[in-house]
Structure formats: C-alpha cells, structure tokens
Amino acid sequence: MPREARAGAFRALAEWRGRRWERRARGAGAGAGAGGEAEVSEVVEAGGAEAPAGGRGAARRPLRVFVFPGNPGCAAYYRDFVVGLEDRLKERLGAAGARVAAVGHLGHAEHDRWPGQGPFSMEDQIRHKVDFVRGALRKEQGPVALVGHSIGAYIALECMRRLETAGPGGEERVPVAKVVGQMPYLEFDPEASEQRWLDRATRPRFAPRLLGSAAYLFRCFPGDSLAQLLYLTQPGRAEGSYLSREAAGLTAELGRSPACLENCFHMGQTEFRALRRELDWDWMAARGKEGKLHFAFAPDDHWAPMRLHDEMKARGLTSVACLEGLSHGYPTCPRQNAEMVRFTADCLLL
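Conventions and cut-offs
Residues numbered from 1 in each chain as written. Predicted model: local features only at pLDDT ≥ 70, side-chain atom pairs only at ≥ 80, totals over all residues. Heavy atoms only, no water. Phe/Tyr/Trp six-rings, centres within 6.5 Å; stacked < 30°, edge-to-face > 60°. Helix = DSSP H or I, 4+ residues; strand = E, 2+ residues; numbered from the N terminus. Buried < 20%, exposed > 50% of the residue type's maximum accessible area, 1.4 Å probe, protein only. Pairing = 2+ DSSP bridges. Salt bridge = Lys/Arg side-chain N within 4 Å of Asp/Glu carboxyl O. Core = buried A, V, L, I, M, F, W, Y, C linked by side-chain atoms within 4.5 Å. Contact = heavy atoms within 4.5 Å. Lys, Arg positive; Asp, Glu negative; His and termini not counted. Polar contact = N/O pair within 3.5 Å; in protein donor to acceptor, adjacent residues only side chain to side chain. pLDDT = per-residue confidence, 0-100. 1 Å grid on protein atoms, 1.4 Å probe; cavity = no way out; pocket = protein on both sides within 12 Å on 5 of 7 lines; lining within 4 Å. Points joined across faces, edges and corners; volume = space filled by probe spheres on them. Nonpolar A, V, L, I, M, F, W, Y, C, P; charged D, E, K, R; others polar.

*Asks:* Report on the packing of aromatic side chains, specifying residues and quantitative values.
*Replies:* Aromatic ring pairs are defined here through the distance separating the ring centres and the angle between the ring planes. Under the defined criterion, the tally for this structure stands at 4 aromatic pairs. With a centroid separation of 6.0 Å and an interplanar angle of 70 degrees, the aromatic rings of F81 and Y330 are classed as edge-to-face. Of this pair, F81 sits in helix 3 (residues 79–93) while Y330 sits in the loop between strand 8 (320–322) and helix 14 (334–348), and the two are 249 residues apart along the sequence. Assigned by exposure class, F81 and Y330 land together as buried. Arranged with centres 5.5 Å apart and planes meeting at 65 degrees, the rings of F188 and F272 form a pair that is edge-to-face. In this pair, F188 is assigned in the loop between strand 6 (176–182) and helix 6 (193–202) and F272 in helix 11 (residues 258–274), connecting sequence segments 84 residues apart.

Below you can see the structure in the form of structure tokens.
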C-alpha cells in the first residue's frame, strides 16, 4: 500500500462525518446551558436520514439505541458497529425504525484537550450517560435500548436502574426496553493476572496522571510510524484479522493524548473498586425474566469469564450466549464486528 494511502487510512476515523461533540456545563443535566466548565463527549452516529417529521410512518417512533464503550471509551472505535447495527435494524423495522449512537466516555477521545476535562471516575461516566439519554429523548422520543461493551455493560445496567426512577430534578422515568451486554465486565477477578497488575499500577492516588505522561513518549514517533508499528506487530497481521488500519491509527492518536490516557487509567482505578461489590442478582434475574437482558461472551476472555456466563444461566438469565470466534476487542476487527452486529440486532428484535 502506498504511503499516502496508508496515511489516509490512519486518518479515516478522525475525518468521518458521523462524529460530533456534545458540550454541556459540568455537573449540569443534559439540557443545561453552556456556562461554567464544559464537559465534552464524543458521539458517533450512522449519519443516515432523519426520521420523517410527518406523513406516512410519522406516528411510529424510532428505536433509540445508545452504545456505551468499554475502556478506553472512544466512540470512534464503534463506527462500523453503529453503521452496521442501524442498517440491519432498518432492514427489519423500516427506514425510520432505528437511530443508533455510540456515546463516548468523558475525556476518552484523542481531541480531549479542553480545560476541565477530567479526570472522570466511573460514577461520573454513569451520570453522564444517564443525562445524555434523558437529553436525547427530550429532542426525539422513542423506545430505548442500551448496548454496553465490557465495562460499558456495567454502565448500561446501572443506567437502566437509574432511568427506571424519576431523576433528582424531577425528570420523568425512562423505561428501558433492552440491555445488551457484550463481553460484560461486571466483577473484578483477582485471579486474572492482567487485572491484578492494572489494579496495582493504578491504585496510588497520582498513578493515572503519571501513567498518562507516557503520551509524551509516544509523541516521539514521527508521522504515522506509531500507527504502522501497532498494525504490523499485532498477532495475525492480515488486514481485518484483529486490528484494522483505522483502529491502529486511532489507537496511536489516543496514545499521544496525556488527558485521554489519564482518564482511561483513572476510570480503571475507580472501576476496579466498584466491581469488588456483589452484583444485584435479584434485580438482574427479575429483568431477565422480563426479557430485557441479553449477554454475549467470548471464549478465553478474563474480563468476561465463562464462570460469569455459567452463573448467569444458573440464576435464571436465559438469553446468555458464547460466540465462538470473537474476542474481547471485537470493535477493531471487521469480521468480528459483523458477527456482533448480527447478534445484537437479533437480541433487540426479540
């Protein structure tokens, strides 16, 4: 591939027109004004036609699907998933049948260099997603489904719980029709060596900031050399086998942002604490019996181990599957992404 073509591939996500930025006053709800410090999050949408405002089909409200990333929580990683899922849902529901958006975590994108951008804890991220969903529904009503990948599955479940009750400012409750958890990271596993190492590395108070300073080292790589290194040294170097060229380029850009790395590690620091708590199995089992919860696991995944898969089934959650051939990092692989689109769409349409 010519150098110019490689550079274009590495910049493709940053130039993609479906990305936008949501700004709101820090600590305020989704409908707040622009005063005070701003919280900024990245949103990736399919960029298709809006639902019709009148005429045939106008009374049918589109299914609003909100996708919550893992950690790192850059929404651009989910571009192909968002487009593929919306297309598949529209095939089944009609042109106005679905609107899909990936909502990035605060401070987790390569352009997050605004003042006041973090560090944000997992609790901050959960509140942000709840506010975002409420704000989006004020603009366009419709049934709501939440899709969460990895720690995003935990956030989706917590958002479902909080949206079921009225907001602190008198906001109406928002019934959530479905939650689809993809490789759900719901419990800290002290027996997993990678989790133990990351827990120890991020435990000191200022560790996230120190680890974030590694971005200055990554800036020493000229041009697209870091992205090319990530792509060429991955396990299985064939295009699309694990890390696409676009994902490699995005990862390189994230690695050059001290604010982004600090926020990723700070969120990890706080999620390791939160995930030591016992899951509310009674609440999950009740929602599972209502047909609202669906989970997908992958083989050999310590973040979402088969032990959790088996426990879910033992506790009465019936829509739990293990997808062969998928890995925890499915969004960066076109082939795995297509399979996850199919599974998620099927769950949403049950």
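*Asks:* I'd like a description of the pairing of strand 7 (residues 293–297), backed by residues and values.
*Replies:* By the criterion of burial, strand 7 is predominantly enclosed, with 5 of the 5 residues buried. Residues L293, F295 and F297 of strand 7 are buried on one face, and the alternating residues H294 and A296, pointing to the opposite face, are buried as well. Both strand 6 and strand 7 contribute to a ladder of 4 bridges, which runs parallel. Within the sheet, the bridge partner assigned to G181 lies in strand 7 and is F295. Relative to strand 8, strand 7 runs parallel, the two sharing 3 bridges.

*Asks:* Explain the pattern of salt bridges to me, and be specific about the residues and the numbers.
*Replies:* Following the criterion strictly, the structure yields 20 salt bridges and no others. When salt bridges with common partners are traced through the structure, they connect E123, R127, E158, R161, R162 and D280 into a single cluster.

*Asks:* Give a detailed account of the nonpolar core, specifying residues and quantitative values.
*Replies:* Grouped together as the largest cluster of nonpolar side chains are 89 residues, with contacts concentrated most on V65, L89, L146, M284 and M312. The element best represented in this core is helix 5 (residues 151–163), accounting for 9 residues. Apart from the residues lying within four places of it in its own chain, the contact partners of M312 are P184, L186, W281, M284, F295, F297, L317 and V320.

*Asks:* Explain the side chain of R134 to me, and be specific about the residues and the numbers.
*Replies:* In this structure, R134 sits in helix 4 (residues 122–139). Within the buried core, R134 has no salt-bridge partner, and the shortest N-O distance to an opposite charge, that of E171, equals 5.0 Å. Of note is the side chain of R134, whose polar atom sits 2.5 Å from the backbone oxygen of E172.

*Asks:* Describe in detail the side chain of T332, supporting the description with residues and values.
*Replies:* Its place among the elements puts T332 in the loop between strand 8 and helix 14. Relative accessible area serves as the criterion here: at 13%, T332 is assigned to the buried category. Only 3.1 Å separates the side chain of T332 from the backbone oxygen of G329, close enough to count as a polar contact. With residues near it in sequence (within four places) discarded, T332 still touches Y77, Y242, L243, S244 and A247.

*Asks:* So what's going on with the confidence of the model for the protein? Which residues, and what values?
*Replies:* Averaged over every residue, the pLDDT of the protein is 83; the share at 70 or more is 79%. This stretch, residues 13–17, has a pLDDT under 50; its non-local contacts, to residues over four places away or in other chains, come to 14 contacts.

*Asks:* Which residues make up the layout of surface pockets, and what are the values?
*Replies:* Where empty space is left can be seen by rolling a probe of water-molecule size over the atoms. Taken as a whole, the largest pocket holds about 1300 Å³ of empty space. Elements with a contribution of two residues or more to the lining of the largest pocket: helix 6, helix 9 (225–232), helix 10 (245–255) and helix 11. At 7 residues, the largest contribution of residues to the lining of the largest pocket is made by helix 11. Grouping the amino acids of the lining of the largest pocket by side-chain chemistry returns 22 nonpolar, 13 polar and 2 charged.

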